[in-house]
Amino acid sequence: ACTGIENIDEAITLLEQNNWDLVAAINGVIPQENGILQSEYGVETLHGPAYGPASHSTAASSAPSSSSAFRHVVPSRQIVERQPRMLDFRVEYRDRNVDVVLEDSSTVGDIKHILENELQIPASKMLLKGWKTGDVDDSTVLKSLHLPKNNSLYVLTPDLPPPSSSHSGALQESLNQNFMLIVTHREVQREYNLNFSGSSTIQEVKRNVYDLTSIPVRHQVWEGWPSSATDDSMTLAVSGLTFPCHRLTVGRRSSPVQTREQSEEQCTDVHMVSDSDGDDFEDATEFGVDDGEMFGVASSALRKSPMMPENAENEGDALLQFTAEFSSRYGDCHPVYFIGSLEAAFQEAFYGKARDRKLLAIYLHHDESVLTNVFCSQMLCAESIVSYLSQNFITWAWDMTKEANRARFLTMCTRHFGSVVAQTIRTQKTDQFPLFLIIMGKRSSNEVLNVIQGNTTVDELMMRLMAAMEIFSAQQQEDIKDEDEREARENVKREQDEAYRISLEADRAKREAQEREMAEQFRLEQIRKEQEEEREAIRLSLEQSLPPEPKEESTESVSKLRIRTPSGEFFERRFLASSKLQVVFDFVASKGYPWEEYKLLGTFPRRDVTQLDPNKSLLEVKLYPQETLFLEAKE
């Protein structure tokens, strides 16, 4: 009624571009200076009858006395005649983006002439792609295409050679490029324009499409993927997609046991027929609104399983159920929640090495808040938010829906953060949930850096997370410096202690070696003494057992032996010629030269006397009447 836009897809696109802000969307289409649409009381006071041709006339006639937030609306045809509608185009060519602003009375050729000056490419060589309609040539008037205010196009130049670069450089460039995937939902005939980086995987695309279409990945049937895209783990840069834009179609895999009526019922959209013009309106669930919210009923009332059991004894078990229920409601692309108590989350985030510490993000869920579904599905599960939280935060969650769980968390909050923070959370109304608490650990206490309410946007949430990271990074650098200095001091002390220990060990080893050497010397000395004593005892025994030396004037035959020792000394003795050779051996042994160690050699002829039979007499071995012998040590 205000803008003259009859295309429901165009209206939905405008609302999405303005974050579903109705006033901003209409003001973006109709200039405010013409007095078409101005807010007097704000969006919160918007009242009046439903929009449509019939209701519009009623509202216009009662405008002076009504409390409606809108003034009188001039018909859209008169507006077009007064001032042309301006269209914004963002045109992408390789690694460049060019912004073009034109009146809707301009032609496609006018856009090419502007790009020719900006890109230095002949207009005849350009293929301007990205139009939602089919046949578009240079003479096509933009007004006839019924375009939204903001549009994205891209330029192809197939007749121009691509810039030369190495394979690795081209791959890196592809990974850094952004691909626009135009995904058509076959059953509802709706298109989604999705931007992904070249480093994203095919699996991530399918999970995002699951969030939009509620078709699980395993039930998705795709058309349009290149033949080279054979693995869901493959990145878009190497999958063979057309850059910068590629069209895909997705549908739901039909079950073989379904009846035809069930299949038709499953694939048929729910439509609402307007009383004024009969145009179809798609089911609100296709635009991120629950059926329960459409009719003023909280979406939590339609769900059977609570996020967390009431009066759970173990916080870890409660968090396991929370994670499972969160995944079943909002998909697998969500923050990785820490499974364990809040104290364990503190230990994980704050009490490791300074380089490994992270911020603690506490997500407080509330099923009865009208903001919960949008916050979880569109912000908390956004890929950028999930990635940033996983890299820089330990994320812990708690469900505040049940009063017992709420009281339990407030008790934990008072114990860890103080009564001021607990009172701040206690005073939060239900519609202000969910809450996101950003906690930074300090030496003596834990500081709450930020409390983020559910009425925020993805960009604002990311900015507040990054602002908290800046504060944390500055504190972390100080902690790292202090820790490095402390470790350096401890290393010096450890090195000194180690050097002292090594010195003590060396002294002790030296002392023990000396003691062992002295003990060995003492043992050898004892053995030597024992051997000497034993030899002396044997020598004395042999000396006493020798027969007496015969006298020179003896009438018996006497043999005189002269024996030379290894040291050059001589000793002589007389023996009876009838005495056995063993007596000579005993005599030599009594002088300290046992025959086991020494040989007794004769001179003429040279012979080894110790090899002779010791039981023979001296006369028999020819040691009579005299003989000179000498001793030699055996080898």
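Residues numbered from 1 in each chain as written. Predicted model: local features only at pLDDT ≥ 70, side-chain atom pairs only at ≥ 80, totals over all residues. Heavy atoms only, no water.

Attention now goes to the overall build of the protein. When helices and strands are tallied, the protein shows 17 helices and 19 strands. Across the protein, the fraction of contacts at a sequence separation of at least 24, relative to all contacts at a separation of at least 6, is 64%. Accessible surface, the protein: about 36900 Å² in total, of which carbon and sulfur atoms supply 50%. (Helix = DSSP H or I, 4+ residues; strand = E, 2+ residues; numbered from the N terminus. Contact = heavy atoms within 4.5 Å. Areas by Shrake-Rupley, 256 points an atom, 1.4 Å probe, with all protein chains shown as cover.)

Attention now moves to the packing of helix α13 (residues 383-392) against helix α16 (residues 458-545). Here α13 crosses α16 at 15°, and the two axes come no closer than 10 Å. In this view, α13 runs roughly parallel relative to α16, as classed from their interaxial angle. The hand of the α13/α16 crossing is left-handed. Between α13, through Ser384, Ile385, Tyr388, Leu389 and Asn392, and α16, the contact on the second element is made entirely by Val458, Leu461, Met462, Leu465, Met466 and Met469. (Axes fitted to C-alpha atoms, helices over the stretch in contact; angles between N-to-C directions. Parallel < 35°, antiparallel > 145°, perpendicular 65-115°, else oblique. Left-handed = near helix turned anticlockwise from the far one by under 90°.)

Attention now moves to the pattern of salt bridges. Any two side chains of opposite charge can pair, given that their charged atoms come close. Applying the stated criterion to the full structure yields 31 salt bridges. Between aspartate 99 and arginine 90 there is a salt bridge, with the nearest N and O atoms lying 3.0 Å from each other. You can call arginine 90 partly exposed: its relative accessible area is 44%. Residue aspartate 479 pairs with arginine 357 through a salt bridge whose shortest N-O separation is 3.6 Å. Placement of aspartate 479 in helix α16 and of arginine 357 in the loop between α11 (342-350) and β11 (359-365) is noted, with a sequence separation of 122 residues between them. Residues joined by salt bridges that share partners form a network here, namely Glu325, Arg329 and Asp367. (Salt bridge = Lys/Arg side-chain N within 4 Å of Asp/Glu carboxyl O. Buried < 20%, exposed > 50% of the residue type's maximum accessible area, 1.4 Å probe, protein only.)

Most peptide bonds take the trans form, and the phi angle of most residues other than glycine is negative. For the bond from phenylalanine 243 to proline 244, the omega torsion is 5°, close enough to zero to count as cis. Mapped onto the elements of the fold, proline 244 is located in the loop between β7 (220-223) and β8 (245-252). Here phenylalanine 433 and proline 434 are connected by a cis peptide whose omega angle stands at -5°. At tryptophan 20, a position not held by glycine, the phi torsion is positive, near 60°. Position of tryptophan 20 among the secondary structure elements: in the loop between α1 (8-17) and α2 (22-29). The class of tryptophan 20 is partly exposed, set by a relative accessible area of 40%. Backbone geometry at lysine 622 places phi at a positive 65°, although glycine is not the residue there.

Here we come to the packing of aromatic side chains. Enumeration according to the criterion identifies 20 aromatic pairs in this entry. Ring centres of phenylalanine 322 and tyrosine 363 lie 6.3 Å apart, and the angle between their planes is 65°; this geometry places the pair in the edge-to-face category. Of the two residues, phenylalanine 322 sits in helix α10 (residues 315-330) while tyrosine 363 sits in strand β11, which places them 41 residues apart along the sequence. We classify phenylalanine 322 as buried; its relative accessible area is 0%. Look at phenylalanine 346 and phenylalanine 417: their rings are 5.8 Å apart centre to centre, the planes differ by 80°, and that puts the pair in the edge-to-face class. Placement of the pair is phenylalanine 346 in helix α11 and phenylalanine 417 in helix α14 (residues 403-417), with a sequence separation of 71 residues. Neither phenylalanine 346 nor phenylalanine 417 differs from the other in exposure class; each is buried. (Phe/Tyr/Trp six-rings, centres within 6.5 Å; stacked < 30°, edge-to-face > 60°.)

Between two packed helices, both the angle of their axes relative to each other and the distance between the axes serve to describe the pair. Running from amino to carboxyl end, α11 crosses α14 at an angle of 40°, the nearest separation of the two axes being 11 Å. Judged on the interaxial angle alone, α14 and α11 are oblique. From α11, Leu342, Glu343 and Phe346 reach across to α14, where they touch Met412, Arg415, His416 and Phe417. Split into classes, the residues belonging to the contact of α11 with α14 amount to 4 nonpolar, 1 polar and 2 charged. (Nonpolar A, V, L, I, M, F, W, Y, C, P; charged D, E, K, R; others polar.)

The subject of this paragraph is the pairing of β8. In this structure, strand β5 (residues 178-185) lies alongside β8, joined through 6 bridges in parallel fashion. Following the sheet pairing, threonine 184 is matched in β8 by threonine 249. Sheet topology note: the β7/β8 ladder contains 4 bridges and is antiparallel. Each residue of the ladder has a partner; that of valine 221, found in β8, is glycine 251. (Pairing = 2+ DSSP bridges.)

This part is about the sheet that holds β11. In spatial order, the strands read β12-β11-β13-β14; together these 4 strands make up an open sheet with mixed pairing. Each having just a single partner strand, β12 (393-399) and β14 (446-452) make up the two edges of the open sheet. The average angle at which neighbouring strand axes cross in this sheet is 25°, direction not considered. In terms of strand pairing, β11 meets strand β13 (residues 435-441) through 5 bridges, oriented antiparallel. Residue isoleucine 362 lies in a different strand from β13, and its bridge partner there is leucine 437.

The share of residues in the protein with pLDDT of 70 or more is 81%, and the mean pLDDT across the chain is 79. Below a pLDDT of 50 lies the segment residues 32-82, which in the model reaches 55 contacts outside its immediate sequence neighbourhood of four places, other chains included. The low-confidence segment residues 256-303 (pLDDT under 50) makes 58 contacts with residues lying over four places distant or belonging to another chain. (pLDDT = per-residue confidence, 0-100.)

Another point: α1. Among all positions of α1, only Glu10, Ile12, Leu14 and Leu15 are buried. Of the surrounding elements, those touching the buried residues of α1 are α2 and β6 (190-197). Taking the backbone nitrogen of aspartate 9 as reference, a side-chain oxygen 2.9 Å away marks asparagine 7 as the first, capping residue of α1. With its phi angle positive at about 55°, asparagine 19 sits one or two positions after the end of α1. (Polar contact = N/O pair within 3.5 Å; in protein donor to acceptor, adjacent residues only side chain to side chain.)

Ordered in space as β16-β15-β19-β17-β18, the 5 strands form an open sheet in which the pairing is mixed. Edge positions in the sheet fall to β16 (570-576) and β18 (607-608), since each of these pairs with one other strand and no more. Pairing between strand β15 (residues 558-564) and strand β19 (residues 626-633): 5 bridges, direction parallel. Residue isoleucine 563 lies in a different strand from β19, and its bridge partner there is leucine 629. Contacts from helix α17 (residues 581-590) reach β15, β16, β17 (598-602) and β19, with the element oriented near 150° to β16.

Take the environment of leucine 15 next. Mapped onto the secondary structure, leucine 15 falls in helix α1. Counting along the chain gives 11 residues from leucine 15 to isoleucine 26, while the straight-line C-alpha distance between them is 8.7 Å. Residues in contact with leucine 15, not counting those within four places in the same chain, are Trp20, Asp21, Leu22 and Ala25.

As for its position among the elements, valine 29 is in helix α2. Taking the C-alpha atoms as reference, valine 29 lies 9.6 Å from isoleucine 5; in sequence the two are 24 residues apart. The residues contacting valine 29, other than those within four sequence positions of it, are Thr3, Ile5, Leu14 and Arg85.

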